[in-house]
Amino acid sequence: MRRNRNVKVVATLGPASSTREVIRDLFEAGADVFRLNMSHGTQDDIRERHRLIREIELELERPIAILADLQGPKLRCGTFANGRETLEIGARFRFDMDEAEGTAERVRLPHPEIFKALQPGATLLVNDGKMRFKVLECDGSSAETEVMVGGEISDRKGVNVPDVILPLAALSKKDLSDLEFACKLGVDWLALSFVQRAEDVEEARALVGDRALIISKIEKPAAVQNFDSILAASDGIMVARGDLGVELPVQSLPPIQKRLVRGCRAVGKPVIVATQMLESMITSPVPTRAEVSDVAQAIYEGADAVMLSGESAAGQYPVEAVKTMNNVAESVESDSIYRSVIEASRSSKHGSTSDAITAAAREVAETTDVRAIACFTHSGTTAQMVSRERPRVPILALTPIVTTARRLCLVWGLHCAKTDEVDRFKHAVILAARIARGHGFATEDDRIIVTAGVPFNVSGSTNILRIAPVREKAIFEGEPE
């Protein structure tokens, strides 16, 4: 099954998409990666969805990536005696550690870490930023605030603290349990919530090892400030615009998104743009024009993937949402302006032999009549470097390791296929030609580019590039051993 686009689609599974039939329909409609949200459902629910994905993968003979998204620490206020209260602008309101139910004057906030970090003048946001409080006085167990934006406050609403770096571990007790569960299950990517610094990623890396690749979700102002070091410590990035849009002015999100996407592209690490991309399709069979433009903008920026959350997990039209995203991607990528935008934002920093080979592959593909770039990769590094170049022709990521094939399904432009082990370059060329023909990327009269590292099966050793015929007879006649 071949996609007619380069950007990947991530679909979140949930109550609306938990059966074999719907999951298969989502994949056939265009989903390349399935997200298992650890915030919702039990571990048994997650295990069953994972099992169904792997069965469909085997059935369709196509690798599928699975991303487990950890919940992260959730900051919530306590309950109210009346269930809810209405607070007026200018009123005084206290957050404290008292276990008594809340009133119109106070509510419990069971997070001493917040009180330790607060300073007078800091801001507290409640209920996705709909209510805003300014801290007047604070100590280690309470904070006296003034209501800056009023409204209705009710039980267990989420609390955000945008002005300070909170001394909270990125991994809660639930996350630690879910992390080990997901790794043993065999997920390909693990998304970390509430990342504030590179050390948060390194803590998770020590627990995960090489069992999964790590995506850091950028959803805190501190993460934006520390982005370069977080990117260096991570295998990929998710621009999680939900909480980010709560804690930062909404007008700052577009330039931040552009900067994060470009930073990831420069180093060849995948980046997902997420949250509310087709939000109206939770209840509507068609999206708004603004949502379509939002998805298109992420694709024009060169993001590796765009993500559906509630649309595919709990919406009334999960398959239609994936089809819509697929159709938008195909339309954008067929636009001539798309290529000019992508190429204008391409990084020119290349320092190694592998960098030079993959850059040369793209340049050769753009100046000669070849149908695809086939790259043999063991760890996935070579394929990601070819993807970083954003070439005009399809990229075949060929690997003998099924885990690598699955992980690369998240990366821009890669058509992943598991192959036999190779120990000679001629054998690699033959395999590449057969896959190019069999998967509909080339005919016997065409040529392809083949890149590999010799000796084989050594990570990061890409050192050879060849323009090869697809016809096997010509390979045997013209290719050296």
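Above this text is the structure in question.
Everything numeric here is computed off the predicted structure, so don't read it as measured data.

Participant: What is the right way to look at the overall build of the protein in this model?
Facilitator: From N to C terminus, the protein includes 18 helices and 21 strands. On the principal axes, the C-alpha backbone points of the protein span a range of 85 × 45 × 45 Å. Going through the 481 residues of the protein one by one, you find that 57% of them count as buried. The long-range share in the protein, meaning contacts at least 24 apart out of those at least 6 apart in sequence, stands at 67%. When the accessible surface of the protein is split by element, carbon and sulfur atoms take 49% of a total near 19500 Å². Distance from the positive charge centre (60 side chains) to the negative charge centre (68 side chains) of the protein: 3 Å.

Participant: When you look at the environment of Ser 354 in this model, what are you seeing that I'm missing?
Facilitator: Note on placement: Ser 354 falls in helix α14 (residues 353-367). Ser 354 sits in the buried class, given a relative accessible area of 6%. When the C-alpha positions of Ser 354 and Ala 68 are compared, they lie 31 Å apart, and in sequence the two are 286 residues distant.

Participant: Help me out: how do you make sense of helix α1 (residues 20-29) in this one?
Facilitator: Owing to its 3.6 residues per turn, the α-helix brings residues three or four apart onto one side. Residues Ile 23, Leu 26, Phe 27 and Ala 29 constitute the buried set of α1. Across the axial projection of α1, the buried residues extend over an arc of 165°, all falling on one side. Buried residues belonging to α1 abut β1 (8-13), β2 (33-37), α2 (43-60) and α12 (318-333). Of the residues one or two after α1, Gly 30 is the one with positive phi, at around 140°.

Participant: Explanation requested: the sheet that holds strand β11 (residues 159-160) in the structure shown.
Facilitator: Where strands meet in a sheet, backbone hydrogen bonds hold them as pairs that are either parallel or antiparallel. Spatially, β6-β5-β9-β8-β7-β11 is the arrangement adopted by the six strands of the open sheet, whose pairing is mixed. The open sheet has two edge strands, β6 (106-108) and β11, and neither has a second partner. Pairing of strand β5 (residues 92-96) with β6 involves three bridges; the strand directions are parallel. Across the sheet, Asp 96 pairs through a bridge with Arg 108, a residue of β6.

Participant: What am I meant to see in the side chain of Gln 196 here?
Facilitator: In this fold, Gln 196 is placed in the loop between β12 (189-192) and α5 (198-208). Classification of Gln 196 by relative accessible area gives buried; the value is 0%. In this view, Gln 196 contacts Val 164, Ile 165, Leu 166, Leu 168, Lys 220, Ala 222, Ala 223, Asn 226 and Ile 230; residues no more than four positions away in its chain are not counted.

Participant: Is there a simple way to explain the sheet that holds strand β14 (residues 236-240) in this structure?
Facilitator: Overall, parallel pairing links the eight strands, which are arranged β1-β2-β3-β12-β13-β14-β15-β16 in a closed barrel. If you compare each strand with its neighbour and ignore which way they point, the axes differ by 25° on average. Inspection of the sheet shows strand β15 (residues 271-274) paired to strand β16 (residues 305-308) by two bridges, in the parallel sense. Note on β16: the bridge partner recorded for Ile 272 is Ala 305.

Participant: Got a minute to help me understand the pattern of salt bridges in this structure?
Facilitator: Opposite charge on two side chains permits pairing when their charged atoms draw close. Taken as a whole, this structure holds 36 salt bridges when the rule is applied. Salt-bridge contacts for Asp 446 lead to Arg 371; the nearest nitrogen and oxygen are separated by 3.3 Å. One end of the pair, Asp 446, is in the loop between α17 (425-438) and β20 (447-452); the other, Arg 371, is in the loop between α14 and β17 (373-376), with 75 residues separating them in the sequence. Judged by relative accessible area, Asp 446 falls into the buried class, the value being 14%. A single network of salt bridges, built from pairs that share partners, joins Arg 20, Arg 24, Glu 28, Glu 48, Arg 51, Glu 55 and Glu 59.

Participant: What is the right way to read the packing of α1 against α12 from this model?
Facilitator: Angle between the axes and distance between the axes: these two values describe a pair of packed helices. At a minimum axis distance of 8 Å, the contact between α1 and α12 shows a crossing angle of 10°. Between α1 and α12, the angle is such that the two are roughly parallel. Only Pro 318, Val 319, Val 322, Lys 323 and Asn 326 of α12 make contact with α1, whose side of the interface consists of Asp 25, Leu 26 and Ala 29. In the contact of α1 with α12, the residues fall into five nonpolar, one polar and two charged.

Participant: It is not clear to me how the pairing of β5 should be interpreted in this structure. Could you clarify?
Facilitator: Remember that side chains alternate between the two faces of the sheet whenever the strand is regular. As defined by bridge partners, β5 adjoins strand β9 (residues 142-149) across five bridges and the pair is classed as antiparallel. Across the sheet, residue Phe 93 finds its bridge partner in β9, namely Thr 145.

Participant: I'm lost on the pairing of β12 in this one. Help?
Facilitator: Residues Trp 189 and Ala 191 point to one face of β12 and Leu 190 and Leu 192 to the other, with burial holding for every one of them. Judged from the three bridges that link them, strand β3 (residues 65-69) and β12 form a sheet pairing that is parallel. Bridged to Asp 69 within β12 is Ala 191. The pairing of β12 with strand β13 (residues 213-218) spans four bridges and is classified as parallel. Paired with Trp 189 across the strands is Leu 213, a residue of β13.

Participant: It is not clear to me how the packing of aromatic side chains should be interpreted in this structure. Could you clarify?
Facilitator: Any pair of aromatic rings gets described here by the distance separating the centres and the angle formed by the planes. Throughout the structure, instances matching the rule amount to four aromatic pairs. With a centroid separation of 5.2 Å and an interplanar angle of 85°, the aromatic rings of Phe 95 and Phe 133 are classed as edge-to-face. With Phe 95 in strand β5 and Phe 133 in strand β8 (residues 131-138), this residue pair connects regions lying 38 residues apart in the sequence. Take Phe 95 and Phe 133: they sit in the same class, and that class is buried. Where Tyr 300 meets Tyr 338, the ring centres are 6.2 Å apart and the plane angle is 55°; that geometry is what we call tilted.

What counts and what doesn't
Residues numbered from 1 in each chain as written. Predicted model: local features only at pLDDT ≥ 70, side-chain atom pairs only at ≥ 80, totals over all residues. Heavy atoms only, no water. Helix = DSSP H or I, 4+ residues; strand = E, 2+ residues; numbered from the N terminus. Buried < 20%, exposed > 50% of the residue type's maximum accessible area, 1.4 Å probe, protein only. Contact = heavy atoms within 4.5 Å. Areas by Shrake-Rupley, 256 points an atom, 1.4 Å probe, with all protein chains shown as cover. Lys, Arg positive; Asp, Glu negative; His and termini not counted. Charge placed at Lys NZ, Arg CZ, Asp CG, Glu CD. Arc of directions from axis to C-beta. Pairing = 2+ DSSP bridges. Axes fitted to C-alpha atoms, helices over the stretch in contact; angles between N-to-C directions. Salt bridge = Lys/Arg side-chain N within 4 Å of Asp/Glu carboxyl O. Parallel < 35°, antiparallel > 145°, perpendicular 65-115°, else oblique. Nonpolar A, V, L, I, M, F, W, Y, C, P; charged D, E, K, R; others polar. Phe/Tyr/Trp six-rings, centres within 6.5 Å; stacked < 30°, edge-to-face > 60°.

Nothing here speaks to function; it is all geometry.
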